[in-house]
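# Descriptive structure summary
Chain by chain, the residues run as shown.
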Amino acid sequence: MSLSLRVALRRADFSLDVNCDLPSSGVTAIFGRSGGGKTTLLRCIAGLERVGHAHIRFNDRVWQDADQFVPTHRRSVGYVFQESSLFAHLDVRGNLEFGLRRVPEQQRRVRLDEAIAWLGIEALLAHRSAQLSGGERQRVAIARALLSSPQLLLLDEPLSSLDEASKSQLLAQLEHLRDQLSIPMIYVSHSLGEVMRLADQLLLLDAGRVQALGPLQQILTRTDLPLHHELDAGTVLDAVIEEHDPEYHLSYVAISGGRLAVGMQGLPPGRHVRVRIDARDVSLALQPPVRSSITNVLAARVVELTADRDAAQMLIKLAVGGDAVLARVTRRSVAQLGIAAGSSLYAQIKSVALMNS
Amino acid sequence: MTSADLVALWISCQLAILTTVLLLLLCTPLAWWLARRDSRARVLIDALVSLPLVLPPTVLGFYLLILMGPAGWLGRALQALGLPSPAFSFSGLVIGSMLYSLPFVVQPLRDAFQAIGRRALEVAATLRASPMDRFFSVAVPLASRGAITAAVLCFAHTMGEFGVVLMIGGNIPGRTQTASIAIFNHAESLDYGAAHRLSAILLAICLVLLLIVYSINRRLRPAGTPV
């Protein structure tokens, strides 16, 4: 089960040279700077762009090679465009039914009422797209794509034109869909925050070339990539809710290297969640701190030290249990504590963002 | 109002309806092609389609008459097939009117198709619509206002046509004499009363037609979009 991509494209101002296999399950994020070829690659997968030299295979079906080109309408892909793309001549219900009506009954995997409920668009059904806000339009566009029962859902920066409130609402709905549906998704983004919340795999695309491809945490914490120099560099860990402490309004989650206290969540124990730890929120100590305000202290081993973009700071990759965690500390502290690769120490984590999963 | 005037009016209406229907059918694929191709051939076809806008109607009518006459290749070809020559006949009027009103149908349709853009059709493709399906379920409804504009312009333009029908049709009462030619005849013979009556009827037809179109356009416009 995979999406195999061999795409070579050369234009005057731009080239794309991609050769990789994406797993056809979960969410694969394609991350990179604007103009790096993310959208073009997605359009090639959908068949909206016909590139001369391409070999694209989805599971056991060849979508494009030297001899054949399966047109978009026969690829059963859903596509959510960056900006509003609702049909102006139809109301919301008409838009939703457009794809649904074109799927044979026995192939339908999403019901109309399900899609409407997931995206919370009951109240909008009789509206025209001109009457909707940006966030509402994207919710309808996502529901419409799902209703065409795609085997692969392609999302091209669906949140980029939205305000912050709509963004976070839609992000939560996308998380929910990822967990509820077994439809593989490819999510193009230039927001690391969105990637950390949604992605299982990460593909870094730079100037039309694959810079890295792998599981999210592995790519986020690779020190040879520019990604971990980003201001909000960090890692994402899988965790399980253990118990709640109503008195202090905390929840405890288990990770491979211990347990973490996070802000209270109404989630049942046993529930799998992902937690995000930013490099700037991690400090280091040689001994377990006593009488400290920091609750989360984990035994860690130094894997690697690298220079940061800021000359005063260093990035340190730590092994915490089976997870990789990044810490951003000053060079002065590294020298004073004598931190080197292989050192055993304690990572103190100031704040942990818990992301529903 | 004489019965000859009524017949002339009826011929004008038949001519306008037939011309409009035929042109809409023929020009929709042409306009679709023009809207989506950007080639050298497009420039030439655009220019040819627009030619009747600038050409004096008498020039167009004259060339058509030569072409359709017994010595013209179209006339000869039709004669060889055993068909009557279209010169000085109703079918000749239809051919002339179609050429004369061509730009009034092609241009609004082409502009309407162009205004749809690529995105809506791409979306339809990702929702499993085949090219033909996309044309009828997305392009045509989104271009419907352009089609209405084209139909009205074509109808009104054909109703008011004078030079071309005079050259090709030859002003034969009951066969090729249209209302606009009848008005000219009345005015020339100083029968201003008859000219007045026929003119008023044409004026009323055109006004009612435009009222219908504008009210349809108002209803078709999605709420909230600017006029």
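What you are looking at is a predicted structure, and each value in this text was computed from that prediction instead of being measured. (Residues numbered from 1 in each chain as written. Chains lettered and ligands numbered in written order. Predicted model: local features only at pLDDT ≥ 70, side-chain atom pairs only at ≥ 80, totals over all residues.)

Let us look at the overall build of chain A. In terms of regular secondary structure, chain A is built from eight helices and 20 strands. In terms of overall size, chain A behaves like a compact globule, its C-alpha atoms giving a radius of gyration of 22 Å where 357 residues would be expected to give roughly 21 Å. Across its three principal axes, chain A shows a C-alpha extent of roughly 65 × 50 × 35 Å. Here chain A, with 357 residues, has 41% of them falling under the buried criterion. Long-range pairs, those at least 24 residues apart, make up 64% of the contacts in chain A between residues at least 6 apart in sequence. (Helix = DSSP H or I, 4+ residues; strand = E, 2+ residues; numbered from the N terminus. Rg over C-alpha atoms; globule rule 2.2 N^0.38 Å. Buried ≥ 20, exposed ≤ 12 C-beta atoms within 10 Å, placed from the backbone. Contact = placed C-beta atoms within 7 Å.)

The subject of this paragraph is the nonpolar core. Counting residues in each nonpolar core, the largest one holds 149 residues, and the members touching the most others are A:Ala29, A:Ala143, A:Leu154 and B:Leu109. Sorting elements by how many residues they give to this core places helix 5 (residues 90–116) of chain B first, with 12 residues. Among the domains, domain 1 (2–220) and domain 2 (234–355) of chain A are the pair contributing at least three residues each to this core. Ignoring anything within four residues of it in the chain, the contact list for A:Leu154 reads A:Leu42, A:Ile45, A:Ala46, A:Val77, A:Gly78, A:Tyr79 and A:Ile186. (Core = buried A, V, L, I, M, F, W, Y, C linked by C-beta atoms within 7 Å. Domains from an automatic or database assignment.)

All names here are of chain A. Domain boundaries assigned for chain A yield domain 1 (2–220) and domain 2 (234–355). A separation of 33 Å is found between the C-alpha centroids of domain 1 and domain 2. On the side of domain 2, eight residues touch domain 1, which itself brings five residues to the contact. Where the side of domain 1 that touches domain 2 is concerned, the elements lending two or more residues are helix 6 (192–198) and helix 7 (216–220). Among the elements that line the side of domain 1 that touches domain 2, the one with the most residues is helix 7, at three residues. Classifying every residue of the side of domain 1 that touches domain 2 gives three nonpolar, one polar and one charged. (Nonpolar A, V, L, I, M, F, W, Y, C, P; charged D, E, K, R; others polar.)

This paragraph deals with the packing of helix 1 (residues 3–36) of chain B against helix 5 of chain B. Residues and elements named next belong to chain B. Orientation of helix 1 relative to helix 5, taken along the N-to-C sense of each, is 45°, at an axis distance of 7 Å. Taken together, the axes of helix 1 and helix 5 lie oblique to each other. The handedness of the crossing between helix 1 and helix 5 comes out as right-handed. Residue classes in the contact of helix 1 with helix 5 are distributed as 19 nonpolar, five polar and one charged. (Axes fitted to C-alpha atoms, helices over the stretch in contact; angles between N-to-C directions. Parallel < 35°, antiparallel > 145°, perpendicular 65-115°, else oblique. Left-handed = near helix turned anticlockwise from the far one by under 90°.)

With that settled, consider the sheet that holds strand 15 (residues 282–285) of chain A. Residue and element names in this part refer to chain A. Read from one edge of the open sheet, five strands run 15-19-16-17-18, paired in antiparallel fashion. Each edge of the sheet is formed by a strand with only one pairing partner; in this case those strands are strand 15 and strand 18 (323–330). Taking the axes of each pair of neighbouring strands and ignoring which way they run, one obtains an average angle of 45° across the sheet. As paired elements, strand 15 and strand 19 (residues 344–349) share four bridges and run antiparallel to each other. (Pairing = 2+ DSSP bridges.)

The next point concerns helix 6 (residues 119–126) of chain B. Buried within helix 6 of chain B are the following residues: B:Glu122, B:Val123, B:Ala124, B:Ala125 and B:Thr126. On its buried face, helix 6 of chain B is in contact with helix 1 (38–46) and strand 6 (77–80) of chain A together with helix 7 (131–142) of chain B. Looking at the residues trailing helix 6 of chain B, positive phi occurs at B:Arg128, about 75°.

Residues and elements named next belong to chain A. Counting buried residues along helix 1, seven of its nine residues qualify, which places the element largely inside the surrounding structure. Inspection of helix 1 places Lys38, Thr40, Leu41, Leu42, Cys44, Ile45 and Ala46 among the buried residues, and these make up the whole buried set. Of the residues trailing helix 1, Gly47 is marked for its positive phi of about 85°.

Moving on, we get to the confidence of the model for chain B. Parts of the prediction with low pLDDT should not have their coordinates interpreted in detail. Residues and elements named next belong to chain B. Of the residues in chain B, 96% have a pLDDT of 70 or more, and the chain-wide mean is 88. Ranking the elements of chain B by mean pLDDT puts helix 4 (residues 73–80) last, at 84, and helix 6 first, at 95. Prediction confidence for the complex, expressed as pTM and ipTM, is 0.86 and 0.87 respectively. (pLDDT = per-residue confidence, 0-100.)

All names here are of chain A. Direction of pairing for strand 11 (residues 234–245) relative to strand 14 (residues 272–278): antiparallel, over a ladder of seven bridges. What sits directly across from Gly234, in strand 14, is Asp278. Two strands pair when backbone bridges link them, and strand 11 and strand 12 (residues 250–255) are joined in this way by five bridges, in the antiparallel orientation. Bridging across to strand 12, Val240 finds its partner in Ala254. Adjacent in sequence and paired antiparallel, strand 11 and strand 12 are bridged by four residues, among which His249 carries a positive phi angle near 60°.

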